[in-house]
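# Structural description and commentary
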Number of protein chains: 2
Amino acid sequence: MKAAIVGGGVIGGGWAARFLFNGWDVAVFDPGPDARPAVEAVLANARRALPMLYDRALPPEGRLTFAPDLTFALEGADWVQESVPERLDLKRSLLADCARLAPGAILASSTSGFKPSDLNANGARAIVAHPFNPVYLLPLVELVGLETGPAADVLRAIGMYPLEIGVEIDAHIADRLLEAVWREALWLVRDGVANTAQIDEAIRMGFGLRWAQMGLFETYRIAGGPVGMAHFLEQFGPALKWPWSRLTDVPDLDEALIAKIAAQSDAQSGHLSTRALERVRDDALVTILRGLRRRDHGAGTVIAGHEHTLPAPSGAITVRRVVPVTWTDWNGHMNEGRYGQVFSDAADTVLARAGAMPGTGDGWSFFTVETKINYVAETNAGDKVEVETEVTRAAGKVLSLRHAMRRDGTDLATCDQVLVHVDMTTRRAAPMPGDMAARLAAALSG
Amino acid sequence: MKAAIVGGGVIGGGWAARFLFNGWDVAVFDPGPDARPAVEAVLANARRALPMLYDRALPPEGRLTFAPDLTFALEGADWVQESVPERLDLKRSLLADCARLAPGAILASSTSGFKPSDLNANGARAIVAHPFNPVYLLPLVELVGLETGPAADVLRAIGMYPLEIGVEIDAHIADRLLEAVWREALWLVRDGVANTAQIDEAIRMGFGLRWAQMGLFETYRIAGGPVGMAHFLEQFGPALKWPWSRLTDVPDLDEALIAKIAAQSDAQSGHLSTRALERVRDDALVTILRGLRRRDHGAGTVIAGHEHTLPAPSGAITVRRVVPVTWTDWNGHMNEGRYGQVFSDAADTVLARAGAMPGTGDGWSFFTVETKINYVAETNAGDKVEVETEVTRAAGKVLSLRHAMRRDGTDLATCDQVLVHVDMTTRRAAPMPGDMAARLAAALSG
């Protein structure tokens, strides 16, 4: 599969990363001299952060080309993503050209503001596929247009969350909400009520944490509690009319206000370069997303679902993955407890392959009774590692495994593990039933 | 120390939890018949979730009383927190009473809307201390008033993040931003552009993830990148004038709109009880906050800082903590990898006590070369566990430790661990310098 990315920059680069690291070939077209380094900078960030979301390795990277012209970029493309500046005339004519050059492709615009009917005035048949920065980590894509189902399928396959919106309006949904906050924040700075750092803390120490895992309405539903949503909402009516806001005016973003915000932002964040801030942001997002993934909740559900479609290791290989930033300790090495987790995952693979993975409510389970790990070499965040496993004993009550964790063929650690088959009614060791032991002994020869 | 909580309910209960679980005595006064069960329900949630944020045990719980009257509640109180419904007349007279009954206490109102000068019209000298639900997990407290420094110190000591706002305005900062989003969201539902579930996903799959770790301005600073904040802002000017929003109107939250939202919310979340939703939310928040804590970033910095003030284990006890929800596997047990982490933490305690904890840039370190764990009994989320450690060898290059992890005196697992002192220039084992071995041998007898 091939994606053509029309328009480099931060958004185009993020799209390139999503496709490329999910095995698509990608051609980027942008005539600007800054486009290539901008895209490469985004790809470098994404190459580090995106694989850390998953407990399986991503497929082999696709082929990246920087195309000399639009025709070359669009040749054979299955998906064309336009991410040029927000100028309606520019987008209209470019999308019409794309529709002509790649008539069979899905044609999508990253526009944050325009409606499909605006974009297609020159005869294109583009949909809106509006992503959120950093595109390589945030799953949301707002989809607007006549036929968004096939595009939604593609986006899900590259690990994103398509939100199909049935009614076209300017700025779709998310940017309407963002714009509302932005206007109000500008008033707060302009009126000297708070500076940029205070507003940022008011967000990330409070409701920002809520919104990473539940939206506005579900949060209010909880707040309403037993009284019910309707009754809870009634109390809001009067407050909406209170003079709580400058919302009914539009702030004038003049030179003085721009200078004020820029100075406050420098004081708040100027000690870090943009690149350093990106790294801080990406590591925090990876951490949050991995946490939600463990809970199978919100954006974490998207990642867990996508991972399920990634190639599973086979044969004697029981784990193949990247070490995430959440696994390192003060040495910068993988924390020793995480070795135990990797080997525990390897044991789970053996159980699953043998059809011997206990589920909730089964009358039996496997408990690990002993683990002996030898640490051979250091392992760092971002390392691609794999575990090779040998079933050393599978008989009676006991399953013994020997694991070797490697990076590029070099041993990093070895582990001997003893698991015992347990009868969950007595919670005591019990012989494995039927041919389970034989299945386990043969689990890794397939 | 004693806190008087005036007004039960979700907010009062959250305040009670923050004080109580940080060792304060708490007296709750609310004449309503539903207040006591409401507070107890919040305390039950908080007793489970709050300790999971920390890698150290919280201090012993304070004493909780439900006071028969205001006088009894306020007697001897160091902090009085008013959390009654948002009616100015009610708050004014109640705060005046409180000021009279507890003249030496810090007197604070949870109001989301009123200014201190409004509240103090009857002669009280209250400040605003506006928290965010769930109060026992979200750190933010907006502080507004004449003298907020002493209150800020108390809030930091109970693990919260006081945001001192120098200018009083209706609805402070965060609720201005929330109100803006709320109005816009109401328009989207009313106009049939999106339903409540779509709006919630537009938040938590996209910008909600951003805002859990960085605010609005720092996020835009990154988006601006090398062009700089001022230049980046200039492009926003025109967009602010675009007709992107219904913000310039105030929506009418009439019966029809209330019924529409309630029905959509039922379809979205009605399969879960409020209690179940609270559990989902709290587990997700604990997960996010623990992740940010590991990165020492945003709200995680608040938790890490607070933890530092919690009593450290002493003597042969090297770990004392609660097992967080993030540590359980499909059995509902603590994942075996986490045993390794607990014992690794125990080893760190030994190193720290002996003044032998390597820092970045030191010429030496300790590497774990072998860990042997025996799993004796199951361990579950919420369990209070402690590790007792014995230094079995500290000589030459080698430090050997034997750990026992226990819950209420019952062995859960034992661990034998071998660490080697490493010269970081050669990255090879090397004898411990000076009296380091002797200090390690004596580290747990203090």
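What you see is a predicted model; the values in this text were computed from it and never measured. (Residues numbered from 1 in each chain as written. Chains lettered and ligands numbered in written order. Predicted model: local features only at pLDDT ≥ 70, side-chain atom pairs only at ≥ 80, totals over all residues. Heavy atoms only, no water.)

### Looking at the pairing of strand S12 (residues 398–407) of chain B
Residues and elements named next belong to chain B. Just so we agree on the cut-off: For every residue, the accessible area (1.4 Å probe, protein chains only) is compared with the maximum for its type, and the residue is labelled buried under 20%, exposed over 50%, or partly exposed between those bounds. Think of it this way: any DSSP run of H or I at least four residues long counts as a helix, any run of E at least two long counts as a strand, and we number them from the N terminus. One requirement defines pairing of two strands: DSSP has to find at least two bridges between them.
Within S12, seven of the 10 residues are buried, leaving the element largely enclosed by the surrounding structure. Alignment of strand S11 (residues 384–395) against S12, held across nine bridges, turns out to be antiparallel. Residue alanine 394 lies in a different strand from S12, and its bridge partner there is leucine 399. Here S11 folds back onto S12 in antiparallel fashion, the turn holding two residues, of which glycine 396 has a positive phi close to 60°. Pairing between S12 and strand S13 (residues 410–423): 10 bridges, direction antiparallel. Paired with leucine 401 across the bridge in S13 is glutamine 417. Where S12 hands over to S13, the hairpin turn is made up of two residues, of which aspartate 408 adopts a positive phi near 50°.

### Let's talk about the sheet that holds strand S8 (residues 161–165) of chain A
All names here are of chain A. Filter applied, for reference: Each axis is a line fitted through C-alpha atoms, taken for helices only over the stretch in contact, and angles between the N-to-C directions span 0 to 180 degrees. By definition, residues are in contact when any of their heavy atoms lie within 4.5 Å.
Overall, mixed pairing links the eight strands, which are arranged S3-S2-S1-S4-S5-S6-S7-S8 in an open sheet. If you trace the sheet from one side to the other, it starts and ends with strand S3 (64–66) and S8, each paired once. Neighbour-to-neighbour, the strand axes of this sheet turn through a mean angle of 25°, independent of strand direction. When strand S6 (residues 127–131) meets strand S7 (residues 140–144), the two strands line up antiparallel, connected through four bridges. Bridging across to S7, histidine 130 finds its partner in glutamate 142. Against the sheet, helix H6 (residues 149–157) contacts strand S4 (79–82), strand S5 (106–109), S6, S7 and S8, and its axis sits at roughly 160° relative to S8.

### Remarks on the relation of the copies chain B and chain A
Comparison of the two chain copies shows a relationship of rotation about an axis with a shift along it. Heads up, the condition is: We place the copies in one frame by least squares, fitting the C-alpha atoms of every residue whose pLDDT is at least 70 in both.
When chain B is brought onto chain A, the operation consists of a screw motion whose angular component is 180° and whose axial shift is 0.0 Å, with 0.0 Å RMSD remaining. On the angle and the small slide along the axis, the relation comes out as a two-fold axis. The residues that chain B uses at the interface reappear at the interface of chain A in 100% of cases, marking a shared surface.

### Re the confidence of the model for chain A
This is how the line gets drawn: Summary of the metric used: pLDDT quantifies the predictor's per-residue confidence within the range 0 to 100.
Scored by pLDDT, chain A has a mean of 91; 96% of the residues are at 70 or more. Across the whole predicted complex the pTM is 0.90, and at the interface the ipTM reaches 0.90.

### Focus: the side chain of threonine 111 of chain B
All names here are of chain B. On the secondary structure map, threonine 111 appears in the loop between strand S5 (106–109) and helix H5 (116–119). The exposure class assigned to threonine 111 is buried, which follows from its relative accessible area of 0%. When near neighbours in sequence (up to four residues on either side) are disregarded, threonine 111 contacts Glu86, Lys91, Leu119, Val128, His130 and His172.

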